[in-house]
Amino acid sequence: MAQVPVQTIHRDPQLFYWILLPITVVMVLTGVLRHYASVLLQTAPKRLDQKALREQRSLLHGMSVRGNFHALSRSSFVARREALTTAYQSGAYLKDPERRGQPPANPMSDPDGMSGMMGMMKNQMAMIIPNTLIMSWINAFFSGYVIMKLPFPLTIKFKSMLQAGVATKDMDPRWMSSISWYFLCIFGLQSVFNFLLGDNNAASQMAQQMGQMGPQAGQMFGPGQDPDKQFLAEAENLAVIEHYSVLDGVEQRLLEGINI
Amino acid sequence: MAPSLLHPPSQLSPAAALQLSQQAPSVLQNSPSTINSSPLAALLPSSETPDLWIKYENLLLSCLRTGDDHAAHQCLERLVARFGNENVRVMALKGLVKEADSQNNGDLEKVLKEYDQILSDNNTNIPITKRRIALLRSMGRLSDAASSLVHLLGFSPTDAEAWSELADIYLVQGMYQQAIYAMEEVLVLAPNAWNAHSSFANTPCDDQVHARLGEMQYMAATAPGAASGTYEKSMVEALKRFSRSIELCDDYLRGYYGLKLVTKKLLKDAAKPAKDSEEIDFSLPDSKTIERLNELATVKLSEIIRRNTAQERGWRGYDKLEVAAARELLAEEASAAASIER
């Protein structure tokens, strides 16, 4: 295999001080700013009124009865099951019993759901706007030349990404332009932000995107859910439990377990 | 274990609480009196930690308990300065300090009115609701406290602390079945909890829910005027609960004490009527098992007493009163046995 001659490009060492460093500093500062902007934009979680609280906690109560039924004796469990099932099926715990059976309200018209969506919008905006600004800033000032050479080899596919704005066909993809440094900063500054702002910072958009992709945990009482259906399902779950108690034969276990 | 300011101090002995509250001047002096919460300050390494606020809160409680009102007010001021007057937890602490400052019943009534005022604005303010209930109870209005608790549990039935308090109030009033029901709720919500009841905190394992339930069942069974039909059921369940509490925690003195009491009583009225076991949750174990359980309890109790008296390593944690009660129980039985032989 013929040895590809090592490409050398003489660069002005000042590039480092006037491009690489400024881009990095600007990226770090925007991250910090974004963190505080999202802290300021955050709205306090909305206070639930008593009925909504009752709706949620009654469901949770049913779940814990279902989960820990073995701590009870049979009669106390049966009494609880009767009470809970009746209340669930009659909709006694519902926030507004009149709306039973109707399709769930459109989340857009629900003010609670709306505020949640506004919060998400705000976060998205706090991410998109600075990114757009910085990218256009970099493109306007620093495009068209390479600024550094990566210390590791890359395949040809990276050329279009790393050398955006430098249309030279034969150049090694290891040479990168300022816009590629910008992308590297976006993905690589997470640990810097962790160091500066603590673990739960809102500076890096990577973490937020991960969160959006993850499973929708905590959506149990979300706006799209029909609590009536949840109650009915829980009543069914309670009904099929075959009861046993942890107290069955406990004295035998005790006598066997402890030797005097 | 040395008392730490990072744990809630409600279970400490008076001496430990005093020790904590004596740390107050140094804690208050060593931490800055105002925390700058501006974004720039957060960039510096010496910013606030959650631990600091937990410390202030616990210090506040200990100081109130030992009568150091000055330090308590200082803690409260700092908490208010950081979290504002509208924070529910701070509101409850403020109420607590006000209650402590009250000189007479009239002042307490005033605090109660304030609580009512707060609750009429925001009826889901759970810390204030609980403060109000505690205040009602300490003013001796037990039935009011119980009905407020029932109302609280009506919209928040997953609150184990409230259920436990309700069980305690019912027990004081002698309403055993209700107390048992509330205690069972605690068990459902926290099946592995050791310490539902804070006043017995110095035993090796804090007061267990199972043992507590066993005690309630026993009280319900032996209470004068208890229905004869429920007697056997309660006794059996008491037996089972005590056994379970020992199973969970070896060498648990209250468990063995209860087991001893129940088995003794069951053996005494051995001529039990043969009942149809359809209605009963648990069938009574045969008399041989009961006898062996009784034996086990006796041996274990005397072992605990012996080792505790000798101050052996690992056996010192028992409450003095509980050990004394166990000794009395054993002595009583021994003398009874001696008199029968004679």
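Residues numbered from 1 in each chain as written. Chains lettered and ligands numbered in written order. Predicted model: local features only at pLDDT ≥ 70, side-chain atom pairs only at ≥ 80, totals over all residues. Heavy atoms only, no water.

1. Some details on the overall build of chain A
To be explicit about the condition: Strands here are runs of E lasting at least two residues and helices are runs of H or I lasting at least four, both read from the DSSP assignment and numbered beginning at the N terminus. Exposure classes here rest on a 1.4 Å probe applied to the protein chains alone. A residue is buried below 20% of its type maximum, exposed above 50%, and partly exposed in between. When checking whether two residues touch, look at their non-hydrogen atoms; a contact exists if any pair is within 4.5 Å.
Scanning chain A for helices and strands turns up ten helices and two strands. Within the span of chain A, comprising 260 residues, buried residues form 36% of the whole. Long-range pairs, those at least 24 residues apart, make up 71% of the contacts in chain A between residues at least 6 apart in sequence.

2. Looking at the pattern of salt bridges
Residues and elements named next belong to chain B. How we decide: The rule for a salt bridge is simple: a side-chain nitrogen of Lys or Arg has to be within 4 Å of a carboxyl oxygen of Asp or Glu.
Tallying each qualifying case throughout the model produces 28 salt bridges over all chains. Notably, a salt bridge pairs K130 with E161, separated by 2.7 Å at the nearest N-O pair. Residue K130 is found in helix α8 (residues 126–138), and its partner E161 is found in helix α10 (residues 160–173); the two are separated by 31 residues along the sequence. A residue is classified by how much of its surface remains accessible, and E161, at 54% relative accessible area, is exposed. A salt bridge links E237 to R241; the nearest nitrogen and oxygen atoms lie 3.3 Å apart. With E237 and R241 both in helix α13 (residues 228–248) and four residues apart, this pair spans about one turn of that helix. Overall, the relative accessible area of 0% leaves R241 in the buried class.

3. Re helix α7 (residues 105–121) of chain B
Residues and elements named next belong to chain B. Stated formally: In this analysis, the expected span of each helix is defined as 1.5 Å times one less than the number of residues it contains. Arc, as used here, means the arc of the directions from the helix axis to the C-beta atoms. Pairs of N or O atoms are called polar contacts if they sit within 3.5 Å, as long as, within protein, a hydrogen donor faces a hydrogen acceptor (for residues adjacent in sequence, only side-chain-to-side-chain pairs).
Its 17 residues place the ends of α7 25 Å apart at the C-alpha level, agreeing with the 24 Å of an ideal helix rising 1.5 Å per residue. Every buried residue belonging to α7 is among L108, V111, L112, Y115 and L119, and all of these are buried. Buried residues along α7 cover an arc of 100° about the axis, so they all sit on one side. The outward face of α7, more than 90 degrees from its buried face, is lined by the exposed residues K110, K113, S120 and D121. The N-terminus of α7 is capped by N104, whose side-chain oxygen sits 3.2 Å from the backbone nitrogen of G106.

4. Some thoughts on a nonpolar patch on the surface
Using the following cut-off: Only residues whose relative accessible area exceeds 30% and that form no salt bridge are eligible for patches; like-charged ones are grouped when within 9 Å, while nonpolar side chains (Val, Leu, Ile, Met, Phe, Trp, Tyr) are grouped when within 5 Å. For the area figures, the Shrake-Rupley method with a 1.4 Å probe applies, and any residue is considered shielded solely by the protein chains shown.
The grouping of A:F16, A:Y17, A:W18, A:L21, A:V25 and A:L29 at the surface amounts to a nonpolar patch, some 660 Å² of accessible area in total. Its location among the elements puts A:V25 in helix α1 (residues 14–41).

5. Re the interface of chain A and chain B
Heads up, the rule is: The buried area of a pairing is the accessible area, by a 1.4 Å probe, that goes missing from both parts when the two are put together, added over both. Three classes are used, and their members are as follows: Ala, Val, Leu, Ile, Met, Phe, Trp, Tyr, Cys and Pro are nonpolar, Asp, Glu, Lys and Arg are charged, and the others, Gly among them, are polar.
At the interface, 36 residues of chain A touch 39 residues of chain B. Between chain A and chain B lies a buried interface of about 3,500 Å² when both sides are counted; carbon and sulfur atoms form 63% of it. At the surface where chain A touches chain B, the tally comes to four salt bridges. The greatest single-element share of the side of chain A that touches chain B, amounting to nine residues, is contributed by helix α2 (residues 50–67) of chain A. Among the residues making up the side of chain A that touches chain B, the classes are represented as 16 nonpolar, eleven polar and nine charged.

6. Looking at the UniProt feature "transmembrane region" (unreviewed entry) in chain A
Residues and elements named next belong to chain A. Worth spelling out the cut-off: UniProt positions are given in the numbering used here, feature names are shortened, and annotations may be inferred rather than shown by experiment.
Mapped onto this numbering, the UniProt entry gives "transmembrane region" (unreviewed entry) at residues 15–37, 127–148 and 179–197. For residues 15–37, the end-to-end C-alpha separation is 32 Å, with 100% helix and 0% strand making up the annotated structure. Taken end to end, residues 127–148 is 73% helix and 14% strand, and its first and last C-alpha atoms sit 27 Å apart.

7. Some thoughts on the side chain of A:K159
Residues and elements named next belong to chain A. Structurally, K159 can be placed in helix α5 (residues 159–162). Separated by 2.9 Å, the side chain of K159 and the backbone oxygen of M171 make a polar contact. Dropping the residues within four chain positions of it, K159 is found in contact with A164, T168, K169, D170, M171 and P173.

8. Digging into the packing of aromatic side chains
Using the following cut-off: Any Phe, Tyr or Trp ring, taking Trp's six-membered ring, that has another such ring centre within 6.5 Å forms a pair; planes under 30 degrees apart are called stacked, those over 60 apart edge-to-face, and the others tilted. Only Lys NZ and Arg CZ are tested; either one counts as a charge over a ring when it is within 6 Å of the ring centre and within 35 degrees of the ring normal.
Applying the stated criterion to the full structure yields twelve aromatic pairs over all chains. With 5.4 Å between their ring centres and 80° between their planes, A:W137 and A:F142 make a pair best called edge-to-face. Judged by relative accessible area, A:W137 falls into the partly exposed class, the value being 27%. Between the aromatic rings of A:Y182 and A:F183, the centroid separation amounts to 5.5 Å while the plane-to-plane angle is 55°, which identifies the pairing as tilted. Residue classification places A:Y182 among the buried residues on the basis of a relative accessible area of 1%. Grouping aromatic residues by their ring pairs yields a cluster made of A:F69, A:F77 and A:Y244. Over the ring of B:Y181 we find A:R80; its NZ or CZ atom is 4.1 Å from the centre of that ring. Here the basic side chain of B:R82 rests over the ring of B:F83, its NZ or CZ set 5.3 Å away from the ring centre.

9. Some words on the nonpolar core
The tendency in soluble globular proteins is for nonpolar side chains to be buried side by side. Residue and element names in this part refer to chain B. Counted only if it meets this: Note on terminology: a nonpolar core comprises buried Ala, Val, Leu, Ile, Met, Phe, Trp, Tyr and Cys residues joined through side-chain atoms within 4.5 Å.
One finds L135, L149, L152, W163, L166 and M216 to be the most contacted residues of the largest nonpolar core, which totals 39 residues. Elements with a minimum of two residues in this core: α7, α8, α9 (142–155), α10, α11 (176–189) and α12 (209–222). In this view, L152 contacts I126, T129, K130, I133 and A162; residues no more than four positions away in its chain are not counted. By size, the runner-up hydrophobic cluster in this structure holds 32 residues, among which are Y256, L293, A297 and I305.

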